[in-house]
Amino acid sequence: MSGRLTNSVRVACLAGLTATCAFSVALIANQLLVHLDGDYLRISVPHLNFLSGKPLERLKDGATVAFVGQVSISQVPNAMVADAHSVARFALSYDIWEQQFSVTKIGERPESRRTISHLTAQAAENWCLDNLTIDRSLLPTDRPFYVQLDLRSEDPRDTLGIIGEPGGLNITRLIEMFSRPARSAQPRWLLNNGPFRIADLHKGLRG
Amino acid sequence: MGMRRAKAASMFSLGLSVSLVFLLSSSTLLFAGQSFLRAAAETNVNQRYTIESVSIAGVKVENAKIPLSLRRRMTALVGERCDTTMLEDLAGDLRRQLHFQAVNHHLSKGSEPGRIRVNFDVIRKDVGFDLSVPKFLYSSSQGWTGEVDASTHVREHEFTVGAINNGDTLPERFSGVTARYEDSRVGSDRVRFGIAFENLHEQWSDQARAAATGEAELYRTRRNIAPELTVAVAKNVTVSAGMSFEQLDSQSANTRSANALTGEIHYGSKIEGGTAQQMVDAKYSVRVGVPKLGSDYSYSRHMVTLRYEVKSGRQSASDEFLGGMAEGDAPLFERFVLGNSSTLRGWDAAAIAPLGANRVAHNSLTWGYQMGEGTAEVFYDAGALWRTGRPAPMRHSLGLGYRQKMFFMTMAFPITEGRMSPVFMAGMIY
């Protein structure tokens, strides 16, 4: 009886340990890290893997997939209104023959566009995050702050066919768009971390 | 009772205002999204490859049962560079014309490096019908105008029922229900057949009632059945011919028929130049009331519209002319009107001619400058509305506005002697 109990306790402890490890790995994997690089605050998220699921399927079909990322600085976590923020838009595509990714950062003006190609999925993800910067001058120097990353995929099918169809504004498609569950239609990653102090960030990656 | 009506009317106005704000704000966001996604599509790395073949739902385009115009466009892709923006446009047209829920293009490796195959995957609709708003308009002088249509498709057959409340296009405000059937392919892609039904109730302004005394009999309801055949005789030209069987119930309970033969010729063309893009649109329509068809009215009505637009860079200019004449004893709904959302903007139609008139000439000159996703515009309208043998006073109006595709906001100033009252208009017209 006592041996059986001991075995049960061992199994329970092992399961608990495994779950704790998996949870810790998951936490670390999705942790938003920040560091200062010259005049910019840069972010990174090890193994974020946003090129997966539906966006990856569409990329491998040869379509262009757009992502919009926003980095926000606030005094409290998950603030509704940010003290400072920067937005970047990325267009990704997958080379059908070379089986590699290409990314273009789309700026306000055509001349501000930047493109990089022949990337693996992970390299493409890293390039996007590395180009999501915020100007150092916008960071508060006298108080701690929180950093938030909001990254989402833009679905072209959401907006097509609503306006300009024969018949004017298509209410059916508008209802479909608004009633579709946001999680399945538009993949989104929302990560927070902090508080950070600018003096600590000089020492390297913080998370 | 009066209080309750006033409350209901104010709730209705509030509801319409909220709807308008929602539609305008949604459209602004959607236009911004479309522009970004189009810019994104232009960066696709597969654009350097040549298209080897095109298929739809796995069936080669040569064997697919699709309209000729779509087949030609799809066939023309073979041998060309893979322009993903064009593929997106084509997918949209396939979805629209074949009534699918979604059409997505899928690229795969071709028979040799540098060549790719395109397949359009299709998803059929879950819901069998569409709800749309072809017209939605608010004018601070003439109130609300709106149309809602529900339509369903079976292959090339389209059935539509709609509700309408319109105070913008005729001397009277009319409201009621409409129904339409259209076969977009009668034996050939070039021939279309449609039949429309309307059951409308009319509301006349006090000015119209006063003007009608001793001159014309006002009607309170109108029913119409109008079959029409349209043939695409050339790439840019269509010709339509049909009939209109209309019954009018007058205020004094008399019923009169206004049956007519109808016809229309339409020409539309787009000329792409090096730096400028030009668009020409011309239309001539005729309606002839024929006693042999059982009509109590004997008349003919002719109308011409010409529109020319040129765009270069951020700037655009357009000129639109409207001319019309009606001869004989035409019913009131056949009369011309000026002073609405598209002619002599800012003027009150009822103040110009409460029952309309049988002669019209109007010109509208617009200059636009693209700002963001939309276009800021200034316009100058000039026109005359008169009756045969009477003077034709010319009226003018100026205004400015902002337009994003079919959505617009306008502030119009009628040029009159004395006090000038600006009129605000907003809405969407397809």
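Every chain is numbered on its own, with residues counted from 1 as its sequence reads. Chain letters and ligand numbers both follow the written order, the letters beginning at A and the numbers at 1. Owing to the predicted nature of the model, reporting of local features is limited to residues with pLDDT of at least 70; listing and counting of side-chain atom pairs is limited to 80 or more, with chain, interface and lining totals taken over all residues.

**Side note on the overall build of chain B**
Inference 1: The secondary structure content of chain B amounts to five helices and 21 strands.
Inference 2: The contact criterion used is a C-beta to C-beta distance within 7 Å, with each C-beta placed from the backbone. In chain B, 52% of the contacts between residues at least 6 apart in sequence involve partners at least 24 apart. Secondary structure elements are defined from DSSP: runs of H or I of at least 4 residues count as helices, runs of E of at least 2 residues count as strands, and each element is numbered from the N terminus.

**Comments concerning helix α3 (residues 121-130) of chain A**
Every α-helix carries 3.6 residues per turn, so stepping three or four residues along brings you back to the same face.
Residues and elements named next belong to chain A.
Inference 1: All of the buried residues in α3 are A124, E125, C128 and L129. Axial view of α3: buried residues confined to an arc of 135 degrees, hence all on one face.
Inference 2: Residues of α3 that are buried in the fold lie against β2 (40-44), β3 (65-74), β4 (84-94), β5 (101-106) and β6 (114-119). Partly exposed residues are those whose C-beta has more than 12 but fewer than 20 other C-beta atoms within 10 Å; with 20 or more the residue is buried, with 12 or fewer it is exposed, and the C-beta atoms are placed from the backbone. As used here, the arc belongs to the directions running from the helix axis to the C-beta atoms.

**Some words on unusual backbone geometry**
All names here are of chain A.
Inference 1: G194 connects to P195 through a cis peptide bond whose omega is 0 degrees.
Inference 2: Among the secondary structure elements, P195 is positioned in strand β10 (residues 188-196).
Inference 3: The backbone phi angle of N49 is positive, close to 55 degrees, even though this residue is not glycine.
Inference 4: Within the secondary structure, N49 is located in the loop between β2 and α2 (53-60).
Inference 5: Positive phi, close to 55 degrees, is recorded for Q99, a residue that is not glycine.
Inference 6: Looking at where Q99 falls in the secondary structure, it is placed in the loop between β4 and β5.

**Some points on the sheet that holds strand β4 (residues 115-123) of chain B**
Residue and element names in this part refer to chain B.
Inference 1: Pairing within the open sheet is mixed, and its four strands lie in the order β2-β1-β4-β3. Two strands in the sheet have a free side with no partner beyond their single neighbour: β2 (59-60) and β3 (102-109).
Inference 2: Two strands form a pair only when DSSP identifies at least two bridges running between them. The pairing of strand β1 (residues 50-56) with β2 spans two bridges and is classified as antiparallel. Its bridge partner being in β2, I56 is matched across the sheet by V59.
Inference 3: The sheet strands contacting helix α3 (residues 84-98) are β1, β3 and β4, and the helix crosses β3 at an angle near 140 degrees. For helices, the axis comes from a line fit to the C-alpha atoms of the stretch in contact; other axes are also lines fit to C-alpha atoms, and the angle between any two N-to-C directions lies between 0 and 180 degrees.

**So, the pairing of strand β8 (residues 173-183) of chain B**
All names here are of chain B.
Inference 1: Inspection of the sheet shows strand β7 (residues 157-166) paired to β8 by ten bridges, in the antiparallel sense. Across the sheet, the residue bridging to T160 is R180, located in β8.
Inference 2: Counting the residues in the hairpin turn of β7 and β8 gives six residues.
Inference 3: Judged from the eleven bridges that link them, β8 and strand β9 (residues 191-203) form a sheet pairing that is antiparallel. In the strand pairing of β9, S175 is matched with H201.

**Points about the sheet that holds strand β7 (residues 134-135) of chain A**
All names here are of chain A.
Inference 1: Reading across the sheet, the three strands line up as β1-β2-β7 and stay open at both edges, with antiparallel pairing between neighbours. Here the strands that pair on one side only, and so sit at the sheet edges, are β1 (33-37) and β7.
Inference 2: Strand direction decides the pairing type here: β2 and β7, joined by two bridges, are antiparallel. Its bridge partner being in β7, L41 is matched across the sheet by I134.

**Describing the environment of N104 of chain B**
Inference 1: Position of N104 of chain B among the secondary structure elements: in strand β3.
Inference 2: According to the C-beta neighbour criterion, N104 of chain B is partly exposed, with 19 such atoms within 10 Å.
Inference 3: Residues N104 of chain B and F120 of chain B lie 16 residues apart in sequence; the distance between their C-alpha atoms is 5.5 Å.
Inference 4: Residues in contact with N104 of chain B, not counting those within four places in the same chain, are D61 of chain A together with A91 and D121 of chain B.

**Some details on the confidence of the model for chain A**
Inference 1: A residue's pLDDT is simply how confident the predictor is in it, with values from 0 to 100. Per-residue confidence for chain A gives a mean pLDDT of 77, with 66% of residues at or over 70.
Inference 2: Confidence over residues 23-28 of chain A falls short of pLDDT 50; this stretch has zero contacts with residues more than four positions distant or in other chains.

**Regarding the pairing of β3 of chain B**
Residue and element names in this part refer to chain B.
Inference 1: For β3 and β4, the ladder comprises eight bridges, and the chain directions are antiparallel. Bridging across to β4, L107 finds its partner in V118.
Inference 2: Here β3 hands over to β4 after five residues, with G114 in that stretch at a positive phi of 90 degrees.

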